[in-house]
Amino acid sequence: MTQLPDLTAWLSSQTVDPATREAVLCVAAACVEIGRVVALGAIEDNLGVAGGINVQQEEQKKLDVLSNDILSEALLACPAVAGLASEELDTVQVTDRTGGVLVTFDPLDGSSNLDINAPVGTIVSILPAAEGRASTEADFLRPGRHQLAAAYALYGPQTVLVLSVDRDVASFTLDADGHWRLTQDRMVVPEQTREFAINMSNQRHWAPAVRAYIDSCLAGRDGPRGKDFNMRWVAAMVGDVHRILTRGGVFLYPWDAREPDRPGKLRLLYEGAPMALLIERAGGLATDGKQPILDIVPTALHQRVAIVLGSAEEVRLAG
Ligand SMILES: O=P(O)(O)OC[C@H]1O[C@](O)(COP(=O)(O)O)[C@@H](O)[C@@H]1O
Ligand SMILES: [Mg+2]
Ligand SMILES: [Mg+2]
């Protein structure tokens, strides 16, 4: 069997600056370790709650904390990294390094899936650090278009890493020796779809436009769309985005009336922006219902965002 190229070989084929390249390799190595602790679960007593509450007022699982520690330690030891921000940390951690990159991340996405052995993932965004001085929190608050790279790891039946550092979105599968092997080099989101993803249990809280869009899908072949739709909800954004990058679809986590002052549930800097970059580079669209997620100028580290992303035709109709 011919050996598939590994991550290092693929990076050599991309236009990528040395600091981003180094940070990507640190992230990829940390994701191997996160995948290992996730897979061992109860054997290493890694399941269940940690006892803390994070800055989003969400109960932390042991694996949220462990994954955060693994990725934070790996990045702080990575000479290219000038600072990091995590879903699980109240504030940014910066070094006195000038230049290099900043990394924001959701160390474990979909952590409510952990106790039922369903897919979870890690989401990462890489941004330029300040030049000529140490970075501060303000340097993390850049629109998603400024990202140098975006990636996620999905700990599912296979452990995969999906990454973009240039124009392409590539997918790597972790082999038995701990190497990321290139298994798809240009992921493309089909323009059209018959599959939507939304948490239907929130239907009564949605804005009228979202209700009307989902109603039109549910009406199927006899409704205005003239085709039947299927529905999927992995309850881990990484899983839903991976399905969309693989076979198309649309994912929505919209504003809802339960918390009217909050634009949505998901976070802009380490969920919305990196996923939007991957989806746009694969030919799809990602909006907050009004504008491209990549154009939003963040004002706070843990800011929320409404999300509609996936196959272009569907995002235009849903947004
Ligand atoms: O509980 P719900 O409404 O199904 O929400 C699921 C969504 O919440 C998230 O799990 C939030 O991520 P975290 O687990 O990192 O907080 C998304 O991955 C997922 O799309
Ligand atoms: Mg998440
Ligand atoms: Mg998380």
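Along every chain, residues carry numbers that run from 1 in the direction the sequence is written. The order in which chains are written sets their letters, starting at A; the order in which ligands are written sets their numbers, starting at 1. Local features in this predicted model are restricted to residues of pLDDT 70 or higher, and side-chain atom pairs are both shown and tallied only at a pLDDT of 80 or more, whereas totals for entire chains, interfaces and linings draw on every residue.

Caption draft 1: Examining the site of ligand 1 more closely. We count a residue as near a molecule or strand when its backbone-placed C-beta atom lies within 6 Å of that partner. As a matter of local geometry, ligand 1 sits amid 13 residues, with Asp109, Gly110, Ser111, Asn199 and Met237 nearest to it. Note on residue classes: Ala, Val, Leu, Ile, Met, Phe, Trp, Tyr, Cys and Pro are nonpolar, Asp, Glu, Lys and Arg are charged, and everything else, Gly too, is polar. The class makeup of the residues in the shell around ligand 1 is four nonpolar, four polar and five charged. Here the limits of each domain have been adopted from an automatic or database domain assignment. Both domains that furnish three or more residues to the shell around ligand 1 are identified here as domain 1 (7-184) and domain 2 (195-318).

Caption draft 2: The sheet that holds strand S15 (residues 285-287), seen in detail. Each pair of strands is called paired provided DSSP finds at least two bridges between the two strands. Think of it this way: any DSSP run of H or I at least four residues long counts as a helix, any run of E at least two long counts as a strand, and we number them from the N terminus. In spatial order, the strands read S12-S11-S13-S17-S15; together these five strands make up an open sheet with mixed pairing. Of all strands in the sheet, those bounded by a partner on one side alone are strand S12 (230-231) and S15. Pairing of strand S13 (residues 250-253) with strand S17 (residues 307-310) involves four bridges; the strand directions are antiparallel. When the bridges of S17 are listed, Phe251 appears paired with Leu309.

Caption draft 3: Summary view of the sheet that holds strand S4 (residues 93-94). If you trace the eight strands from one edge of the open sheet to the other, you get S4-S3-S5-S6-S7-S8-S9-S10, paired in mixed fashion. The open sheet has two free edges, formed respectively by S4 and strand S10 (180-184), since each of these has just one partner strand. With seven bridges connecting them, strand S5 (residues 101-109) and strand S6 (residues 120-128) associate as antiparallel partners. Bridging across to S6, Asp106 finds its partner in Ile123. C-beta atoms are first placed from the backbone for all residues, and any pair lying within 7 Å is then listed as a contact. Where helices are involved, their axes are fitted lines through C-alpha atoms of the stretch in contact, as for all axes, and angles between N-to-C directions lie from 0 to 180°. Against the sheet, helix H2 (residues 18-40) touches strand S3 (81-86), S5, S6, strand S7 (149-155), strand S8 (159-164), strand S9 (170-174) and S10, its axis set at about 15° to S7. Against the sheet, helix H3 (residues 62-76) engages S3, S4, S5 and S6, with an angle of about 160° to S5.

Caption draft 4: Broad picture of the UniProt feature "binding site: Mg(2+) 1" (unreviewed entry) in the chain. UniProt positions are given in the numbering used here, feature names are shortened, and annotations may be inferred rather than shown by experiment. When the UniProt feature table is mapped to this numbering, "binding site: Mg(2+) 1" (unreviewed entry) covers Glu87, Asp106 and Leu108. Taken together, the annotated residues stretch across 22 residues yet fold into one region, lying no more than 8.9 Å apart by C-alpha. The class of Glu87 is buried, set by 26 C-beta atoms lying within 10 Å. Those residues in contact with Glu87 that sit more than four places away from it in its chain are Asn54, Asp106, Pro107, Arg267 and Tyr270. Between the buried cut of 20 or more and the exposed cut of 12 or fewer other C-beta atoms within 10 Å of a residue's own C-beta lies the partly exposed class, and all C-beta atoms are placed from the backbone. Judged by C-beta crowding, with 29 C-beta atoms within 10 Å, Asp106 ranks as buried. Look past the residues within four positions of Asp106 in its chain and what remains in contact with it is Glu87, Thr122, Ile123, Tyr270 and Glu271.

Caption draft 5: A look at the UniProt feature "binding site: substrate" (unreviewed entry) in the chain. Residues given the UniProt feature "binding site: substrate" (unreviewed entry) here are Asp109, Gly110, Ser111, Ser112, Asn199 and Lys265. The class of Asp109 is buried, set by 28 C-beta atoms lying within 10 Å. Here Lys265 lies in the loop between S13 and strand S14 (266-267). Given 20 C-beta atoms within 10 Å, Lys265 falls into the buried group.

Caption draft 6: Structural detail: the packing of H2 against H3. Running from N to C, H2 and H3 point in directions that differ by 155°, and their axes come no closer than 9 Å. Of the possible angle classes, the one that applies to H2 and H3 is roughly antiparallel. The crossing of H2 and H3 is right-handed. Listed contacts from H3 to Cys26, Ala29, Ala30, Glu33, Ile34, Val37 and Val38 of H2 are Leu63, Leu66, Ser67, Ile70, Leu71, Ala74 and Leu75. Any angle from 65 to 115 degrees is called roughly perpendicular, while one under 35 is roughly parallel, one over 145 is roughly antiparallel, and all others are oblique. Here a crossing is taken to be left-handed if its near helix is turned anticlockwise relative to the far helix by less than a right angle, and right-handed if that turn runs clockwise.

Caption draft 7: Focus on the environment of Asp139. By the secondary structure assignment, Asp139 is in the loop between S6 and S7. A tally of 19 C-beta atoms within 10 Å means that Asp139 is categorised as partly exposed. Asp139 sits 29 residues away from Gly110 along the chain, and the two C-alpha atoms are 27 Å apart. Leaving out residues up to four positions away in the same chain, Asp139 has contacts with Leu102, Ala129 and Ala130.

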